[in-house]
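Here's the letter readout for the chains.
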Amino acid sequence: MNMKSYHPADLIDILRKLDNLIRQGIIEESSGDRVKVRTGENLTTWLPWLTYRAGKNRTWWRPSIGEQVLLLSPGGELQLAIVLPSIYSNAFPAPSNSDDGLFIEFADKATFEYDNKMTFKLPDGAIFSYDPNSSTLNISGINTAFINAKTSITAKAGAKISLNAPLVECSNHITFQSFGATGGGGESTTGVITGNVEHKGGNLSTNGIVLNKHTHSDVQTGSDSTGGPQ
């Protein structure tokens, strides 16, 4: 039986390629849709990373510097590798231990140092999470939220929708079926309506007096004023 003999250099190359097929690494540089990965003593060339969708529908979430990833290298050639995010690490541990929830964290604003080599700024500390056990959606730590719909936006709650802000503005027309207003009597907590107000249909009352039906007492001719409304 004839067996092909291999030169030791060929065997070393085969072992190198096998070792390179799947490797762990840390992202060291990032630009556009490419990253460079440090794996062992090697720093790769600019490589693409796997994303959710990259066709007619596209997604974008670039892996960050210091993030631990896998390198998938066809034929064991690192220059042809594709980056597969991501693996938790000591530098970036899991942000939650929920069994079923979804948790996305944009780490606190701070200076982060990786391996005494790279120093960079982290994002703003915003959090997006959903816990199905409590049916709670939480979005926090953001500065601005913007929703732009061409036709309509519907918000529906079984019990209450709360708006907690120093000022709530409506740039145009607003309608409602009923409303209530509370105030403590001080200038800062008293409701004020400015501009023209027109009331149509039904009765308009204040402190028990129906304005469109009330009468006055002590009515007489001359310059005297009438009595109070009834």
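**Things to note about the sheet that holds strand β3 (residues 42-43)**
Paired through backbone hydrogen bonds, the strands of a sheet run either parallel or antiparallel to each other.
Part 1 of the argument: Taken in spatial order, the five strands of this open sheet run β3-β2-β1-β4-β5, and their pairing is antiparallel. Of all the strands in the sheet, the pair left with one neighbour each is β3 and β5 (82-87).
Part 2 of the argument: Bridge count between strand β4 (residues 68-72) and β5: five bridges; the pairing is antiparallel. Bridge pairing links L70 to L84 in β5.

**Looking at the nonpolar core**
Part 1 of the argument: Among the nonpolar cores identified, the biggest contains ten residues, and these are I27, V35, V37, L47, W49, V69, L71, L78, A81 and V83.
Part 2 of the argument: For this core, the elements supplying multiple residues, two or more each, are β2 (34-39) and β4.
Part 3 of the argument: If we ignore the near neighbours within four places in the chain, the residues touching W49 are G32, D33, R34, V35, W60, W61, R62, P63, I82, V83 and P85.

**Overview of the packing of aromatic side chains**
Part 1 of the argument: Under the definition given, this model contains one aromatic pair.
Part 2 of the argument: A ring pair is formed by W49 and W60, whose centres lie 5.3 Å apart and whose planes are at 65°; its orientation type is edge-to-face. Residue W49 is found in the loop between β3 and β4, and its partner W60 is found in the loop between β3 and β4; the two are separated by eleven residues along the sequence.

**Remarks on unusual backbone geometry**
Part 1 of the argument: Here P85 and S86 are connected by a cis peptide whose omega angle stands at -10°.
Part 2 of the argument: For S86, the position within the fold is in strand β5.
Part 3 of the argument: One non-glycine residue, S135, lies in positive phi territory at about 50°.
Part 4 of the argument: Among the structural elements, S135 can be located in the loop between β9 (127-131) and β10 (136-140).

**A short note on the pattern of salt bridges**
Part 1 of the argument: Across all of its chains, the model carries three salt bridges by this definition.
Part 2 of the argument: Where R38 meets E28, a salt bridge forms, and the shortest distance between an N and an O atom there is 3.0 Å. Separated by ten residues along the polypeptide, R38 in strand β2 and E28 in strand β1 (residues 22-31) bring together distant segments of the chain.
Part 3 of the argument: Look at E28 and you get buried, because its relative accessible area is 17%.
Part 4 of the argument: As a salt-bridge pair, D33 and R34 come within 3.3 Å of each other at their nearest N and O atoms.
Part 5 of the argument: Since its relative accessible area comes to 42%, D33 is described here as partly exposed.
Part 6 of the argument: On the basis of relative accessible area, R34 is assigned to the partly exposed category, the value being 32%.

**Remarks on the sheet that holds β9**
Part 1 of the argument: The sheet built from three strands is open, its strands ordered β6-β9-β10 with antiparallel pairing. This sheet does not close on itself; its edge strands, each paired only once, are β6 (102-105) and β10. Averaged over all pairs of adjacent strands, the angle between their axes in this sheet comes to 5°, without regard to strand direction.
Part 2 of the argument: In the sheet, β9 pairs with β10 via five bridges, with the strands oriented antiparallel. Opposite I127, over in β10, you have S140 as the bridge partner.

**Considerations on the environment of N203**
Part 1 of the argument: Structurally, N203 is set in the loop between β10 and β11 (205-206).
Part 2 of the argument: On the accessibility criterion, N203 (47% relative accessible area) is partly exposed.

**Brief notes about the side chain of E77**
Part 1 of the argument: Mapped onto the fold, E77 is located in the loop between β4 and β5.
Part 2 of the argument: Among all residues touching E77, those that are not within four sequence positions of it are R16 and K17.

**A look at the confidence of the model for the protein chain**
The predicted coordinates ought not to be read in detail in places where the model reports low pLDDT.
Part 1 of the argument: Model confidence for the protein chain is summarised by a mean pLDDT of 80, while 76% of its residues fall at 70 or above.
Part 2 of the argument: Taken together, the stretch residues 114-122 has pLDDT below 50 and engages in 21 contacts with residues farther than four places along the chain or on a different chain.

**A few points about the side chain of T44**
Part 1 of the argument: Structurally, T44 is set in the loop between β3 and β4.
Part 2 of the argument: Side-chain polar atoms of T44 contact the backbone nitrogen of V37, separated by 2.9 Å.
Part 3 of the argument: Once residues within four sequence positions are removed from consideration, T44 is found in contact with V35, K36, V37, T39 and L71.

Basis of the calculations
Residues numbered from 1 in each chain as written. Predicted model: local features only at pLDDT ≥ 70, side-chain atom pairs only at ≥ 80, totals over all residues. Heavy atoms only, no water. Pairing = 2+ DSSP bridges. Helix = DSSP H or I, 4+ residues; strand = E, 2+ residues; numbered from the N terminus. Core = buried A, V, L, I, M, F, W, Y, C linked by side-chain atoms within 4.5 Å. Buried < 20%, exposed > 50% of the residue type's maximum accessible area, 1.4 Å probe, protein only. Contact = heavy atoms within 4.5 Å. Phe/Tyr/Trp six-rings, centres within 6.5 Å; stacked < 30°, edge-to-face > 60°. Salt bridge = Lys/Arg side-chain N within 4 Å of Asp/Glu carboxyl O. Axes fitted to C-alpha atoms, helices over the stretch in contact; angles between N-to-C directions. pLDDT = per-residue confidence, 0-100. Polar contact = N/O pair within 3.5 Å; in protein donor to acceptor, adjacent residues only side chain to side chain.

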